[in-house]
Amino acid sequence: YSGNPKLATTATGIDVTGSAVTDGLTVAGNAYVGAGNYFTDSTSGYFFGGNGSYTNGVYGVGTNNMAFNVAGSERMRIDSSGNVGIGGISTAKFTVQNDGNSTISITSNDGGLATLNLGDASDGSRGQIVYDNSDESLKFSTNNLQEAIRIDSSGFVGIGTSNPTALFHLSDTAGGAIIRLERDDTTISDTNIYGGIEFEGQDGSAGSAAGVRGKILGVAEGATGEMALTFETAGGYDSSIERLRID
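So, here's what we can say about the structure. (Residues numbered from 1 in each chain as written. Predicted model: local features only at pLDDT ≥ 70, side-chain atom pairs only at ≥ 80, totals over all residues. Heavy atoms only, no water.)

### Regarding the pairing of strand E14 (residues 146–151)
Across five bridges, strand E13 (residues 137–142) lies against E14 in antiparallel orientation. In the sheet register, Leu-138 faces E14, and the bridge partner there is Ile-151. As judged from the three bridges shared by E14 and strand E15 (residues 157–159), these two strands associate in the antiparallel manner. Paired with Arg-150 across the two strands is Gly-158, which belongs to E15. Between E14 and E15, which follow one another and run antiparallel, lie five residues, and Gly-155 among them has a positive phi close to 85°. (Pairing = 2+ DSSP bridges. Helix = DSSP H or I, 4+ residues; strand = E, 2+ residues; numbered from the N terminus.)

### Remarks on the sheet that holds E15
Pairing is mixed in the open sheet, where six strands are placed in the order E11-E12-E13-E14-E15-E16. Since the sheet does not close on itself, it has two edges, and those belong to strand E11 (113–118) and strand E16 (168–170), each with one partner. If you compare each strand with its neighbour and ignore which way they point, the axes differ by 15° on average. (Axes fitted to C-alpha atoms, helices over the stretch in contact; angles between N-to-C directions.)

### Topic: the environment of Gly-160
Mapping Gly-160 onto the fold places it in the loop between E15 and E16. With relative accessibility at 49%, the residue Gly-160 sits in the partly exposed group. Between the C-alpha atoms of Gly-160 and Glu-147, which are 13 residues apart in sequence, the distance is 7.6 Å. Residues in contact with Gly-160, not counting those within four places in the same chain, are Ala-148 and Ser-171. (Buried < 20%, exposed > 50% of the residue type's maximum accessible area, 1.4 Å probe, protein only. Contact = heavy atoms within 4.5 Å.)

### A word on the sheet that holds strand E19 (residues 227–233)
Taken together, four strands build an open sheet; the order of strands is E17-E18-E19-E20 and the sheet is antiparallel. Two strands close off the open sheet at either side, each with one partner strand: strand E17 (193–201) and strand E20 (241–246). For this sheet, the mean inter-axis angle between neighbouring strands, taken without regard to orientation, is 20°. As judged from the eight bridges shared by E17 and strand E18 (residues 211–220), these two strands associate in the antiparallel manner. Bridge pairing in E18 links Phe-199 to Gly-214.

### Considering the pattern of salt bridges
On inspection of all chains with the given rule, the structure shows seven salt bridges. When the shortest N-O distance is used, the salt bridge between Arg-245 and Glu-242 registers 2.8 Å. In this structure Glu-242 comes out as partly exposed when scored by relative accessible area, which is 38%. Salt bridges linked by common partners bring Asp-135, Glu-147 and Arg-150 together as one network. (Salt bridge = Lys/Arg side-chain N within 4 Å of Asp/Glu carboxyl O.)

### Description of the side chain of Thr-161
Within the secondary structure, Thr-161 sits in the loop between E15 and E16. Reaching out from Thr-161, the side chain makes a polar contact with the backbone nitrogen of Asn-163 at a distance of 3.1 Å. With residues near it in sequence (within four places) discarded, Thr-161 still touches Glu-147, Arg-150, His-169 and Ser-171. (Polar contact = N/O pair within 3.5 Å; in protein donor to acceptor, adjacent residues only side chain to side chain.)

### Describing unusual backbone geometry
For Asn-143, which is not glycine, the phi torsion reads 50° and is therefore positive. One can find Asn-143 in the loop between E13 and E14. A residue is classified by how much of its surface remains accessible, and Asn-143, at 52% relative accessible area, is exposed. A positive phi angle, near 65°, is found at Asn-144, a position not held by glycine. Note on placement: Asn-144 falls in the loop between E13 and E14.

All quantities given are derived from atomic positions and should not be read as evidence of function.
This is the structure in structure tokens:
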């Protein structure tokens, strides 16, 4: 073209100068593009090279699966169902696998919100987990992003309140806050415990004073639904014993 050769034969094939337009192209072996990319029929993929080493690429593997190779090893795979696996074969829409510990990080700018949204096809934000870096609190929301649980920077847990003022703080405007202790057993026998609250200390300087020092228990009396409420305390080095019973 204009006196300049565009196509020349060589000892190993042909050289094309400029662009080539074809109706189809079949490559048997490796086809190098520029200084560092090639396609190889052995793995049906496209690899990216650098410094003479072709260790990073995207290629098909198995039946209708796409794999991503970095530093000579497969790092991520998208299978024929659209499942994504990082570090291993995915058994769900998104799987992270590692020989040791696995970590997923969600970060924001300084003082911002790190958020994980949970939802369905019609609404992608039905539930939410939010870490607020401005006040170091963790918030769990359900039912169209209504806050249900908050853990503040002091480790206080609030259910029904966004401002817990004790280690465990319950709040409810519709009838008062209620804690329910349930024994999931359809056959209750005499002296079985329905539920209870224990009071424990860790001061071991006084012999066996560390441990449970008091209890409030719901205790079955018979097997026909009767229940007593018992109160236990511990004196000195003793274990807690019953001091009061309301039958």
